[in-house]
Every structure is written in structure tokens, then in C-alpha cells.
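Chain by chain, the residues:
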Amino acid sequence: MDNTNEMYLEFDSDSKNESFARTVIAAFVSQLDPTMEEIADIKTAVSEAVTNCIIHGYNNQAGKIEMSCAIKDNEIAITVKDSGVGIENIEQAMEPLYTSRPELERSGMGFAFMEAFMDKLEVVSDKGVGTTVKMKKAIKH
């Protein structure tokens, strides 16, 4: 039997669901017996990805956010996806302090936090189709 454990979740792009996503990911990764710091890093990365979907992907409008996770051996892979407006220039969007919504006083650090707290970050986006953020982190034992 394959030793992969997976879960999939879909929820509304409502800011109230950002804390829900953080709680779900913490519960799911707990089977790897992570440290408190590892849990905090993963929760922060997921929080940033979900917030990006809400604010940038859907522009605070109604939409669905998909979150899927897979645990294999000591690594968790997390995908957060929206079907929103997409990112025109991913490279620019990933630059620290860059924000497409300065009027909202956004810090522009979302992708920088995701990169800092996770071992691997990949962003795929199509204008008008949506954005997918894939993150991985190995849990050290």
C-alpha cells in the first residue's frame, strides 16, 4: 500500500475562512509530529496563499478556493488554488514589497513569506483563469 495520505477541501473566498484553512492544515500535518515552529511556518504560508486568493484572485468577490494536501514520508505538499483574475507578471508579483493593491495597505510580502517558511514554492497563473500555489515542506524528526 502507498504511504501517501491526501485531503481535499473547497471553501468560499471569505476572509473568515482564512483561519479555518490554517486550522485544517495544522490538524492535517500533525500526523507528522512537527515542531510548533514547523506548524507556525506552514500555517503562515497557507494563510498568505488563501489571503492572496481572496484579495487578489477574487478582489474580495465571491469565489471558491481549493486546498489540497498530500503527505508522503516526512513531506507535506500543499496546493492552494483559485479561479480568479490570475497574475499578469508572476516574477513581479513574487518580488518582496510588491503589491497590486497598495490602496489596501498590503505589505507585498505574501510570496516572500511563503518562500521563507516552506522548502519549495511554485506559482502557476493564467490571466482570467486563476492561480495555483504549490508548496512543500519536509518535517525534520
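It should be noted that the structure appears before, not after, this text.
A quick note: this is a predicted structure, and the numbers were derived from the prediction, not measured.

Q: Go over the environment of tyrosine 58, please, and point to the residues and values.
A: Positionally, tyrosine 58 belongs in the loop between helix H2 (36-57) and strand S2 (64-72). A C-alpha to C-alpha distance of 7.9 Å links tyrosine 58 and aspartate 82, two positions 24 residues apart in sequence. Other than its neighbours up to four places away in sequence, tyrosine 58 contacts Ser13, Cys53, Gly63, Lys64, Ile65, Asp82, Ser83 and Gly84.

Q: So what about the environment of glycine 84? Which residues, and what values?
A: Counting through the fold element by element, glycine 84 comes out in the loop between strand S3 (75-82) and helix H3 (90-93). Considering only alpha carbons, one finds glycine 84 and glycine 128, 44 residues apart in sequence, at a separation of 6.4 Å.

Q: How would you summarise the packing of aromatic side chains if you had to cite specific residues and measurements?
A: A complete count under the given rule lists 2 aromatic pairs for this structure. When the ring of phenylalanine 113 is compared with that of phenylalanine 117, the centres are 6.0 Å apart and the planes differ by 10 degrees; the resulting orientation is stacked. You can see phenylalanine 113 and its partner phenylalanine 117 sitting in helix H4 (residues 110-117), 4 residues apart, about one turn around the helix. Its relative accessible area of 24% is what places phenylalanine 117 among the partly exposed residues.

Q: Hey, could you go over the packing of helix H1 (residues 16-29) against H2 for me, with residue numbers and the actual values?
A: Packed helices, taken two at a time, are described by their axes: the angle between them and the distance between them. In the contact formed by H1 and H2, the axes pass within 9 Å of each other and the chain directions differ by 145 degrees. Handedness of the H1/H2 crossing: right-handed. Contacts between H1 and H2 involve Glu18, Ala21, Arg22, Ile25, Ala26 and Val29 from the first element and Ile39, Ile42, Lys43, Thr44, Val46, Ser47, Val50 and Thr51 from the second. Residues that form the contact of H1 with H2 fall into these classes: 8 nonpolar, 3 polar and 3 charged.

Q: Give me the pairing of strand S4 (residues 120-126): which residues, what numbers.
A: Of the two faces of S4, only the one carrying Leu121, Val123 and Ser125 is buried; Lys120, Glu122, Val124 and Asp126 on the other face are not. As consecutive antiparallel partners, S4 and strand S5 (residues 130-138) are separated by 3 residues, and within that stretch glycine 128 has a phi angle of approximately 80 degrees, a positive value.

Calculation rules
Residues numbered from 1 in each chain as written. Predicted model: local features only at pLDDT ≥ 70, side-chain atom pairs only at ≥ 80, totals over all residues. Heavy atoms only, no water. Helix = DSSP H or I, 4+ residues; strand = E, 2+ residues; numbered from the N terminus. Contact = heavy atoms within 4.5 Å. Phe/Tyr/Trp six-rings, centres within 6.5 Å; stacked < 30°, edge-to-face > 60°. Buried < 20%, exposed > 50% of the residue type's maximum accessible area, 1.4 Å probe, protein only. Axes fitted to C-alpha atoms, helices over the stretch in contact; angles between N-to-C directions. Left-handed = near helix turned anticlockwise from the far one by under 90°. Nonpolar A, V, L, I, M, F, W, Y, C, P; charged D, E, K, R; others polar. Pairing = 2+ DSSP bridges.

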